[in-house]
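One letter stands for each residue in the lines below.
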Amino acid sequence: MPPRVRSRFYDTEFHSARVTDVWVWEADDHHAYRLLIDALRETPFWDRYFEVVDLLVGVENGYARTYGLDPVATVTT
């Protein structure tokens, strides 16, 4: 079974003074995402090693999917 959650990590320190790192999580469904966040909150990762500034939850090309339009970004499958 493929992973239900995947991640990418970006170093933004040289572009931003407020946020130095961005961790992008891609989940197969909301339940998988919720389990990930709940698990992270129970570790030293959360607010000890890192200050979690924002959680931004979105749907890739959500607007295009909702209205049957071509996506703005390139989508690979």
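Residues numbered from 1 in each chain as written. Predicted model: local features only at pLDDT ≥ 70, side-chain atom pairs only at ≥ 80, totals over all residues. Heavy atoms only, no water.

Trainee: For this particular structure, what's the right way to read helix 1 (residues 30-41)?
Mentor: Spacing of three or four residues puts side chains on the same side of an α-helix, whose turn is 3.6 residues. If you check helix 1, its first and last C-alpha atoms are 17 Å apart, about what 12 residues at 1.5 Å a residue would give, namely 16 Å. Those residues of helix 1 not exposed but buried are Ala 32, Tyr 33, Leu 36, Ile 37 and Leu 40. Projected down its long axis, helix 1 carries its buried residues within an arc of 130 degrees, all on one side. On its buried face, helix 1 is in contact with strand 1 (5-11) and strand 2 (21-27). Between a side-chain oxygen at the N-terminus of helix 1 and the backbone nitrogen of His 31 the separation is 3.2 Å; the capping residue is Asp 29. (Helix = DSSP H or I, 4+ residues; strand = E, 2+ residues; numbered from the N terminus. Expected span 1.5 Å × (residues − 1). Buried < 20%, exposed > 50% of the residue type's maximum accessible area, 1.4 Å probe, protein only. Arc of directions from axis to C-beta. Contact = heavy atoms within 4.5 Å. Polar contact = N/O pair within 3.5 Å; in protein donor to acceptor, adjacent residues only side chain to side chain.)

Trainee: Looking at this model, I keep getting lost on the environment of Pro 71. Mind explaining?
Mentor: Here Pro 71 lies in the segment after helix 2 (62-67). In sequence terms Pro 71 and Ser 16 are 55 residues apart; their C-alpha atoms lie 28 Å from each other. In contact with Pro 71, not counting residues within four places along its chain, are Asn 61 and Ala 64.

Trainee: Quick question: what am I supposed to make of the packing of aromatic side chains here?
Mentor: Aromatic rings in a pair are described by how distant their centres are and how their planes are angled relative to each other. Taken as a whole and judged by the stated rule, the model has three aromatic pairs. Considering the side-chain rings of Phe 9 and Trp 23, the 6.2 Å spacing of their centres and the 85 degrees angle between planes classify their relative orientation as edge-to-face. Note that Phe 9 is positioned in strand 1 and Trp 23 in strand 2, a separation of 14 residues in sequence. Using a relative accessible area of 35% as the deciding quantity, one classes Trp 23 as partly exposed. Ring centres of Tyr 63 and Tyr 67 lie 4.9 Å apart, and the angle between their planes is 45 degrees; on these two criteria the pair is classed as tilted. Of the two residues, Tyr 63 and Tyr 67 are both situated in helix 2; the distance of four residues between them amounts to about one turn of the helix. A relative accessible area of 56% places Tyr 67 in the exposed class. By way of ring pairs, the aromatic residues Phe 9, Trp 23 and Trp 25 are connected into one cluster. (Phe/Tyr/Trp six-rings, centres within 6.5 Å; stacked < 30°, edge-to-face > 60°.)

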